[in-house]
Amino acid sequence: MKRREFAGSILAAGVAAGVPRAVRASAGLPFAPLKVNGARLNAHLAALSQFGKNPEGGVSRVAYSDADKASRPYIMQLMRDAKLDVSIDAAGNILGRRAGKDASLKPILFGSHSDSVPHGGMYDGDVGSMGAIEVAQSLAEQGITTRHPLEVVVWQNEEGGLWGTHAATAEVTAAELATVSNSGKTIREGIAFLGGDPDHLERTRRAKGSIAAYLELHIEQGGTLEKEKIDIGVVEGIVGIHQWNVTITGFQNHAGTTAMGDRHDALLAAARFIEAVNRVVTSEPGRQVGTVGKIAAFPGAPNVIPGRVECTLELRDLDAKKIDALFAKVEAEAKKIGAMNGTTFAFVQFTNNIPAPTDPRIQAMVAASAAELGLTHKKMPSGAGHDAQDVAQIGPVGMIFVPSIGGISHAPKEFSRAEDITNGANVLLNTVLKVDAAL
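All residue numbers refer to position in the chain's written sequence, counted from 1. The model is predicted, so local features are restricted to residues of pLDDT at least 70 and side-chain atom pairs to those at 80 or more, both for listing and for counting; the totals for chains, interfaces and linings are taken over all residues. Remark: hydrogens and water are excluded; side-chain values derive from all non-hydrogen atoms of the structure.

J.: How should the overall build of the protein be read in this particular structure?
T.: Within the protein one finds 15 helices and 16 strands. For the protein, the C-alpha radius of gyration of 24 Å lies close to 22 Å, the compact-globule estimate for 439 residues. C-alpha extents for the protein along the principal axes are approximately 90 × 45 × 40 Å. By definition in these notes, contact holds between two residues if any of their heavy atoms fall within 4.5 Å. Looking at the protein alone, contacts between residues at least 24 apart form 79% of all its contacts between residues at least 6 apart. Just so you have it, the protein exposes about 18,300 Å², and 55% of that area is on carbon and sulfur atoms. The distance from the centre of the 44 positive side-chain charges to the centre of the 47 negative ones in the protein is 5 Å. Every helix listed is a DSSP run of H or I at least four residues long, and every strand listed is a run of E at least two residues long, numbered separately from the N terminus. Radius of gyration here uses only the C-alpha atoms, and the compact-globule reference equals 2.2 Å multiplied by the residue count raised to the power 0.38. Computed by Shrake-Rupley with a 1.4 Å probe, the accessible areas treat only the displayed protein chains as cover when residues are assessed. Asp and Glu are treated as the negative residues and Lys and Arg as the positive ones, with His and the ends of the chain left uncounted. To locate a charge, take NZ of a lysine, CZ of an arginine, CG of an aspartate or CD of a glutamate.

J.: What am I meant to see in the confidence of the model for the protein here?
T.: Detail in the predicted coordinates should be disregarded across regions flagged by low pLDDT. A residue's pLDDT is the confidence the predictor assigns to it, expressed on a 0 to 100 scale. Mean pLDDT over the protein works out to 93, with 93% of the residues at or above the 70 mark. Taken as a whole, residues 1-30 scores under 50 in pLDDT and shows 42 contacts with residues more than four places along the chain or in a different chain.

J.: Can you walk me through helix α13 (residues 360-372) in this structure?
T.: Along an α-helix, a turn takes 3.6 residues, which lines up residues three or four apart on a common side. Here α13 spans 18 Å end to end across 13 residues, near enough to the 18 Å set by a 1.5 Å rise per residue. Along α13, the positions that sit buried rather than exposed are Ile362, Gln363, Met365, Val366, Ala367, Ala368, Ser369, Ala370 and Glu372. Polar contacts here mean pairs of N or O atoms no more than 3.5 Å apart (in protein, one a potential hydrogen donor and the other a potential acceptor; neighbouring residues in sequence count only if both atoms are side-chain atoms). Structurally, the start of α13 carries an N-cap: the backbone nitrogen of Arg361 is 2.9 Å from a side-chain oxygen of Asp359. Immediately beyond the C-terminal end of α13, within one or two residues, lies Gly374, with a positive phi of roughly 75°. The length a helix should cover is 1.5 Å for every residue beyond the first. Under the scheme applied here, a residue whose accessible area is under 20% of the maximum for its type counts as buried, over 50% as exposed, and between as partly exposed, the area being computed with a 1.4 Å probe on protein chains only.

J.: How should the environment of Ile241 be read in this particular structure?
T.: Along the chain, Ile241 turns up in strand β7 (residues 240-249). The sequence separation of Ile241 and Leu177 amounts to 64 residues, and the corresponding C-alpha distance is 22 Å. Look past the residues within four positions of Ile241 in its chain and what remains in contact with it is Glu314, Leu315, Arg316, Thr351, Asn352, Asn353 and Gly385.

J.: Mind showing me how you'd approach the pattern of salt bridges here?
T.: Salt bridges are counted wherever a side-chain nitrogen of Lys or Arg sits within 4 Å of a carboxyl oxygen of Asp or Glu. Scanning the model with the defined rule gives 19 salt bridges in all. Close ionic contact of Asp126 with Arg61 constitutes a salt bridge, the shortest N to O distance being 2.8 Å. Within this pair, whereas Asp126 is found in helix α6 (residues 126-141), its partner Arg61 is found in the loop between α4 (38-48) and α5 (66-81), the two being separated by 65 residues in sequence. For the residue pair Asp126 and Arg61, the accessibility class agrees, reading buried in each case. The closest approach of N and O atoms between Glu151 and Arg97, which form a salt bridge, is 3.7 Å. Highlighted residues: Glu151 in strand β4 (residues 150-155) and Arg97 in strand β2 (residues 94-98), separated in sequence by 54 residues.

J.: Before we go on, may I ask you to explain unusual backbone geometry in this structure?
T.: Both trends apply: most residues other than glycine have a negative phi, and most peptide bonds are in trans. Cis geometry marks the peptide bond from Phe298 to Pro299, where omega comes out at 10°. One non-glycine residue, Leu162, lies in positive phi territory at about 55°. Relative to the elements of secondary structure, Leu162 occurs in the loop between β4 and α7 (163-169). Of the residues examined, Leu162 reaches a relative accessible area of 10% and is grouped as buried.

J.: Honestly, the packing of aromatic side chains in this entry has me stumped. Any pointers?
T.: Describing an aromatic ring pair means giving the distance of the ring centres and the angle of the ring planes. Working definition: rings of Phe, Tyr and Trp (its six-membered ring) pair if their centres are within 6.5 Å, and the pair is stacked with planes under 30 degrees apart, edge-to-face with planes over 60 apart, and tilted otherwise. Applying the stated criterion across every chain, the model contains seven aromatic pairs. Relative to Tyr214, the ring of Trp155 lies with its centre 6.2 Å away and its plane at 65°, an arrangement referred to as edge-to-face. Pair noted here: Trp155 is in strand β4 and Tyr214 is in strand β5 (residues 213-219), with a separation of 59 residues, a long-range link. The class for Trp155 is buried, based on a relative accessible area of 3%.

J.: Is there a simple way to think about the packing of α4 against α6 in this case?
T.: A packed helix pair is summarised by two numbers, namely the angle formed by the two axes and the spacing between the axes. Two numbers describe how α4 lies on α6: the axes approach to 9 Å, and their chain directions differ by 140°. The orientation of α4 with respect to α6, classified from their angle, is oblique. At the point where α4 passes α6, the crossing takes the right-handed sense. For the pair α4 and α6, the contacting residues are Arg40, Leu41, His44, Leu45 and Leu48 in the first and Asp126, Val127, Met130, Gly131, Glu134, Gln137, Ser138 and Glu141 in the second. Side-chain classes follow a simple rule in which Ala, Val, Leu, Ile, Met, Phe, Trp, Tyr, Cys and Pro form the nonpolar group, Asp, Glu, Lys and Arg form the charged group, and the remainder, Gly included, forms the polar group. Within the contact of α4 with α6, the residues separate by chemical class into five nonpolar, four polar and four charged. Fitted lines through C-alpha atoms serve as axes, helices being fitted only where they are in contact, and the angles separating the N-to-C directions of these axes extend from 0 to 180 degrees. The cut-offs work like this: below 35 degrees is roughly parallel, past 145 is roughly antiparallel, 65 to 115 is roughly perpendicular, and the gaps in between are oblique. Rotating anticlockwise by less than a right angle from the far helix to the near helix defines a left-handed crossing, while the corresponding clockwise rotation defines a right-handed one.

J.: Looking at this structure, I do not really get the packing of α6 against helix α15 (residues 418-438). What am I missing?
T.: Relative to each other, α6 and α15 sit at 55°, their axes nearing to 9 Å. Judged by the angle between their axes, α6 and α15 are oblique. Classified by chirality, the crossing of α15 by α6 is right-handed. For the pair formed by α6 and α15, the contact residues are Val127, Gly131, Ala132, Val135 and Leu139 on the first element and Ile421, Ala425, Leu428, Leu429 and Leu433 on the second. In terms of residue class, the contact of α6 with α15 is built from nine nonpolar, one polar and no charged.

J.: For this particular structure, what's the right way to read the environment of Glu189?
T.: Within the fold, Glu189 resides in helix α9 (residues 187-193). For Glu189, a relative accessible area of 44% gives the class partly exposed. When the C-alpha positions of Glu189 and Ser138 are compared, they lie 36 Å apart, and in sequence the two are 51 residues distant.

This is the structure we're talking about:
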């Protein structure tokens, strides 16, 4: 690396890495953060959106679908253009590697996913994946070799359950591999479809402490940054997500001949339960949320009092203890409701994603990078799940949010401005350099 390029990389790491201003001044250069090619990045996003493009806008690039598979050669070619060594691991994740100056150092990972929900948008996941590739290409073009090895990762099937990161951080059981995905394929079939090897997933798994850090750029998927006119979100952590199947059992009977006072109406109890969830969750200050997002009454006939209702309950917060406390209150309310009309409630938990705080050192580096670029920023939680949630089990993680216009996500009208995406990639680039210098 040329002296000026090396000095530039040190300067970009300056604040968070603790390099004094006097040292920077002695280099004979003014401080100037590095930047990506924003026009190229946004062109890559537009090109990726053609895979699974919907007539109404957005994309349907569900994991393990034909559109998902068709997009991967394009992604891998972009990685090669960025001078990365490209491979597909046993889980079907796409990896782009570049050696660092010190082979003994642990790698810095950064990336996101490229699959979408059905009829989703073209920014969720894609901004982080294309942004990571652009960062790698910008580093190559500017002749910067980091101390740590770099790995750009495009994780598979984030939307269907963080399967790519799950395989990288934990054992995937036979029962999990038999899970049917949104594509109709099992996880085992989907991994094989993408070129992975579901019989040897142990090759994908990474030990705790085996990475220097993981960074993920992402759209906010909410409206806070846009409403407050803030450029960058410094993510404090990813909320825990606890979900339960709830079965409410009453007594099925004739709707015309059963007096109102004699009914054990499971659907009436369910209606009261939904209101109680909202009341409990909003009864105390905080950023916790609770949702009943799915419900079905049985037998489901207009002239039959429902004898059974099945619904879901979801609670989210950054504090696991708060989630537990909220659930205890909801469960107590359910018992009271059941006593009112002779119904019973049964809760079976099926998701228990623990909160994943981001590393405070990386939070500081993200904030410093934003400030150096002249961008406003604020700390905020992530209300949605992300690949970083799993990766936090094996090493320090950081996340960078950019505004989502209207707070819309998982929908065709999902949109982030080109300048905001470029800002996010610039913050990612300079944060990578800070992590490389400091960790």
